[in-house]
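Tertiary structure, described
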Amino acid sequence: MKGVLCSRTDARLVDVAHDFPRQDVGAAAFWLREVLPYFPPAVHLAVIDPGVGTDRAALVVRAGDHALVGPDNGVLVPVARALAAKDGGSGGNDVDTEDEEITSGASEPEPAVFTWEVDDPASRTFHGRDVFAPAAGAVHEAGVEDVETLDRVTPTTKHVDLTFPEPAVDEDEATGEVLVVDGFGNVVTNLPGDLLDGRYGEQVELNGESIPATRTYAAVEPGERVVTVGSHGNVELATNQGRGNEAFGLAVGDRVRLTR
Amino acid sequence: MKGVLCSRTDARLVDVAHDFPRQDVGAAAFWLREVLPYFPPAVHLAVIDPGVGTDRAALVVRAGDHALVGPDNGVLVPVARALAAKDGGSGGNDVDTEDEEITSGASEPEPAVFTWEVDDPASRTFHGRDVFAPAAGAVHEAGVEDVETLDRVTPTTKHVDLTFPEPAVDEDEATGEVLVVDGFGNVVTNLPGDLLDGRYGEQVELNGESIPATRTYAAVEPGERVVTVGSHGNVELATNQGRGNEAFGLAVGDRVRLTR
Amino acid sequence: MKGVLCSRTDARLVDVAHDFPRQDVGAAAFWLREVLPYFPPAVHLAVIDPGVGTDRAALVVRAGDHALVGPDNGVLVPVARALAAKDGGSGGNDVDTEDEEITSGASEPEPAVFTWEVDDPASRTFHGRDVFAPAAGAVHEAGVEDVETLDRVTPTTKHVDLTFPEPAVDEDEATGEVLVVDGFGNVVTNLPGDLLDGRYGEQVELNGESIPATRTYAAVEPGERVVTVGSHGNVELATNQGRGNEAFGLAVGDRVRLTR
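In this report, the structure presented in the accompanying data block is examined. All values derive from a computational prediction rather than experimental measurement.

1. Considerations on the overall build of chain A
Helix and strand counts for chain A come out as 5 helices and 13 strands. The C-alpha extent of chain A, read off along each of the three principal axes, is 60 × 40 × 30 Å. The buried share of chain A, taken over its 260 residues, is 49%. In chain A, the share of contacts with a sequence separation of at least 24, taken over all contacts with a separation of at least 6, comes to 62%. Charge-centre separation for chain A: the mean point of 20 positive side chains lies 5 Å from the mean point of 45 negative side chains.

Here you go:
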């Protein structure tokens, strides 16, 4: 894929991640949404593609000043919404990310979604190299604002959606689930971090166990568990210098209940 | 190695792979041959080097508009032949890879092979840093066409060869072997992909078992096995969203028999 | 982190390593000291940070023509000393690393250490993104020589120190310990490599076992053990094409005794 990109553009290439869990569209969608809004305007190429070679479409999405290229399986949707919200959908201004709250955004315009025409027969097993990298190179060369000028591009209103499950928060407790487990074994839930406001330093009840709520991993001894707020702003279950997923016995999709 | 390169050249550095199986010259030779022809002309530095510090030579190879730098253990040979065939050995023209069939090439001139003089005593345990990275930097600065102008370079006709085993294809069956297993667990064989022409959608007999021949991994349910053609053009044994090597019980060098 | 850096600077980004053992300050300090002196002058960003979010300071260190940015846990200390020694503390000259002995350095001036002011509340769980990447970008834009001009920077003489354990070398034997195990399983000790001078080709007694001292891994059959000198100059215990740590049964901190 890098060879194809280098053959078509002199753009600076930045490796974001090569270690997303294989075939896991939801985890990739989560991490892309967390990571890409920190970048300046760019063409982002994301290939998490268990349906490679099937008739699922290839997409080019313009979101604010950014473009996203990848398969139509939902992986681009959450980050596209985050980028469009961040940039206010202006589609043309240079954004100064220096002091900006990246989750803000008064207007929340929808991203512009396009299909990218795939040759038949393209390869069936490596669209990253044969479809998406050429598309990303072409989008970069045309410019994000001028995606529509590309021959292979067609506006579409139909594409696979992907939303993360919403937690249920009531007066006594909040019930959510595990969204992803990161490379350190930290368990990222969909519970909003503000559930811990005013409770740091206390014990909270998490899935029936009493666990300290802390602002940092290192607030407890190595090997002990905490309930904290991760860099994404969600409640996170972790072990100081250990693997929270093993210590809590939790995996993606497992239920997490936090009493208030 | 990157520090040494950055000290000697402003060339753009592109990481191709850091996860080749350790010490496995054959696997690295296979992947380099598959990957590097997609790059525009470049100096490619490849250090898969179980014989580091022994008296095996260091090589610089010019193949088409590309140069290859690495140990004389065969790892550079298949990709050098592919690059020379691709570029027609012209050694000077700018190649437009945009729409080119990369496996074509009417003429197939041999790559030009040079030894690179190694200081004695060089380090014995890290020639990537102490020998090959300085060589790659020097070749880049001199220019691929002018490799001969470098003091440490001497033309040679003697070097370690490496060829991949050929399959036996007769009227009733084709017998080959496993060349490599990729990071997804897909089993890459040396059987040519056209053995599946006209058979997609049918069951084929693979090592005595009946397996569906499909164009895509996702043509079967997750966890089920397929015989397909990988991005390299060879017959590949895979499990949809699983690890084919485990499901088929196959490893590098194992025999693969496909009835026709 | 890369997104934050790309938003603040056009500097060339070079990935040095993403596979240091998690949370292991000592191993990271060792590898940074081994690797970074091979780079031309640069701003080096190192986040190995088990104390993230606690009140440990953030540091900017100027060492020769280089700057280091990271947490105040000792991880920057050995490499800062190596860089300051290498560049002679001149702080301004362009160093030609081409033919230079990088471990030399007549004068050994101390690195200049500064704290970097952290906003309160900064994030508590990802200072790499929220503190250190912005700091590295600012240092790069200001220039290594002008670190003091940055508002958030304050000179300090107090910081966490980190030194590697010294071996005990007497007439009959040398006793040291395992500093790190590398990605190949090679066991790096703190015993100086010159303990093997004049003994290559002979058996040496290592923790009571008789092992051949060799200049290369490949001097013995695959699977056999050697005592050699690694690329860092220390005594290293390895298995040819295997994992020395498993074959020797040694881990970080274990004692290593070599008779003379």
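Anyway, onward from the coordinates.
2. As for the relation of the copies chain B and chain A
For the pair of chain copies, the relating transformation is a rotation about an axis with a translation along it. Taken as rigid bodies, chain B and chain A are interconverted by a rotation of 120° and an axial shift of 0.0 Å, the fit giving an RMSD of 0.0 Å. As the rotation angle and translation indicate, the two copies are arranged about a three-fold axis.

3. Some details on the relation of the copies chain B and chain C
For the pair chain B and chain C, the relating rotation is 120°, the translation along its axis is 0.0 Å, and the fit reaches an RMSD of 0.0 Å. Mapped onto chain C, only 5% of the interface residues of chain B are again interface residues, and the two copies thus contact each other with different surfaces.

4. A word on the packing of aromatic side chains
Inspection of the entire model under this criterion finds 6 aromatic pairs over all chains. Measuring from centroid to centroid gives 5.0 Å for Phe30 of chain B and Trp31 of chain B, while their planes differ by 80°, and the two rings are edge-to-face. Residue Phe30 of chain B shares its accessibility class with Trp31 of chain B, and that shared class is buried. With a centroid separation of 5.9 Å and an interplanar angle of 80°, the aromatic rings of Phe30 of chain C and Phe164 of chain C are classed as edge-to-face. Of this pair, Phe30 of chain C sits in helix 2 (residues 25-35) while Phe164 of chain C sits in the loop between strand 5 (153-155) and strand 6 (168-169), placing them 134 residues apart in sequence. Summarising the burial analysis for this pair, Phe30 of chain C and Phe164 of chain C share the class buried. Each residue in the set Phe30, Trp31 and Phe164 of chain A is aromatic and connected to the rest through ring pairs, giving one cluster. When the ring centre of Phe184 of chain B is taken as reference, the NZ or CZ atom of Arg22 of chain A above it lies at 4.3 Å. Sitting over the face of the ring of Phe248 of chain A, Arg225 of chain A holds its NZ or CZ atom 4.8 Å from the ring centroid.

5. Focus on the interface of chain B and chain C
Note: interface size is frequently given as the accessible area lost on complex formation between the parts. Contacts between chain B and chain C engage 22 residues on the former and 20 residues on the latter. Of the roughly 1,800 Å² buried where chain B meets chain C, counting both sides, 54% is carbon and sulfur surface. If you sort the residues of chain B by the area they bury against chain C, Arg22, Thr125 and Arg129 of chain B come out on top, with a joint share of 29%. Our count for the contact surface shared by chain B and chain C stands at 8 residue pairs in polar contact (both at pLDDT 80 or more). The biggest single contributor to the side of chain B that touches chain C is helix 1 (residues 2-8) of chain B, with 6 residues.

6. Here's the deal with helix 4 (residues 127-142) of chain B
Residues and elements named next belong to chain B. Along its 16 residues, helix 4 runs 21 Å from first to last C-alpha, staying within 8% of the 22 Å computed at 1.5 Å per residue. Along helix 4, the sharpest kink reaches roughly 30°, centred on Ala133 and followed within four residues by the proline Pro134. The elements touched by buried residues of helix 4 are helix 1, strand 1 (43-45), strand 2 (58-63), strand 3 (66-71) and strand 4 (112-116). Gly143 lies just past helix 4 and shows a positive phi near 100°.

7. Observations regarding the interface of chain B and chain A
Listed as interface residues are 20 residues of chain B and, on the opposing side, 22 residues of chain A. Carbon and sulfur atoms make up 54% of the area that chain B and chain A hide from each other, which totals about 1,900 Å². For the chain B face of the interface with chain A, the top three residues by lost area are Arg12, Tyr38 and Ser231 of chain B, together amounting to 29%. Remark: the boundary between chain B and chain A carries 0 salt bridges. At the boundary of chain B with chain A, the tally comes to 8 residue pairs in polar contact (both at pLDDT 80 or more). Of the residues in the side of chain B that touches chain A, the class split is 8 nonpolar, 8 polar and 4 charged.

8. Description of the state of the cysteines
Linking two cysteines covalently via their sulfur atoms produces the bond known as a disulfide. Tallied over the entire structure, the rule returns 0 disulfides over all chains. Between Cys6 of chain A, a cysteine without a disulfide, and Cys6 of chain C, which holds the nearest cysteine sulfur, the sulfur-to-sulfur distance is 15 Å. Look at Cys6 of chain A and you get buried, because its relative accessible area is 10%.

9. Thoughts on the sheet that holds strand 2 (residues 58-63) of chain A
All names here are of chain A. The strand order across the open sheet formed by 5 strands is 1-3-2-4-5, and the pairing between neighbours is mixed. The sheet terminates laterally at strand 1 (43-45) and strand 5 (153-155), the two strands that pair on one side only. Averaged over neighbouring strand pairs, the angle between their axes works out to 25° when direction is ignored. Sheet topology note: the strand 2/strand 4 (residues 112-116) ladder contains 5 bridges and is antiparallel.

10. Regarding the environment of Thr156 of chain C
Residues and elements named next belong to chain C. Its location among the elements puts Thr156 in the loop between strand 5 and strand 6. In this structure the C-alpha to C-alpha distance between Thr156 and Arg8, which are 148 residues apart in sequence, comes to 26 Å. Filtering out sequence-adjacent residues up to four positions away, Thr156 remains in contact with Val113, Phe114 and Thr115.

11. Examining the packing of helix 2 (residues 25-35) of chain A against helix 3 (residues 77-87) of chain A
All names here are of chain A. Following both chains from N to C, one finds helix 2 and helix 3 inclined at 15°, their axes separated by 7 Å at the closest point. Relative to helix 3, the element helix 2 is oriented roughly parallel. You can see that helix 2 and helix 3 cross each other, and the crossing is right-handed. In this structure, helix 2 uses Ala29, Leu32 and Arg33 to contact helix 3, whose residues at the interface are Pro78, Val79 and Ala82.

Here is what the cut-offs are and how they apply
Residues numbered from 1 in each chain as written. Chains lettered and ligands numbered in written order. Predicted model: local features only at pLDDT ≥ 70, side-chain atom pairs only at ≥ 80, totals over all residues. Heavy atoms only, no water. Helix = DSSP H or I, 4+ residues; strand = E, 2+ residues; numbered from the N terminus. Buried < 20%, exposed > 50% of the residue type's maximum accessible area, 1.4 Å probe, protein only. Contact = heavy atoms within 4.5 Å. Lys, Arg positive; Asp, Glu negative; His and termini not counted. Charge placed at Lys NZ, Arg CZ, Asp CG, Glu CD. Least-squares fit on C-alpha atoms with pLDDT ≥ 70 in both. Phe/Tyr/Trp six-rings, centres within 6.5 Å; stacked < 30°, edge-to-face > 60°. Lys NZ or Arg CZ within 6 Å of the ring centre and 35° of its normal. Buried area = accessible area lost by both parts, 1.4 Å probe. Polar contact = N/O pair within 3.5 Å; in protein donor to acceptor, adjacent residues only side chain to side chain. Expected span 1.5 Å × (residues − 1). Bend = angle between axes of the 7 residues up to and from the residue. Salt bridge = Lys/Arg side-chain N within 4 Å of Asp/Glu carboxyl O. Nonpolar A, V, L, I, M, F, W, Y, C, P; charged D, E, K, R; others polar. Disulfide = S-S within 2.5 Å. Pairing = 2+ DSSP bridges. Axes fitted to C-alpha atoms, helices over the stretch in contact; angles between N-to-C directions. Parallel < 35°, antiparallel > 145°, perpendicular 65-115°, else oblique. Left-handed = near helix turned anticlockwise from the far one by under 90°.

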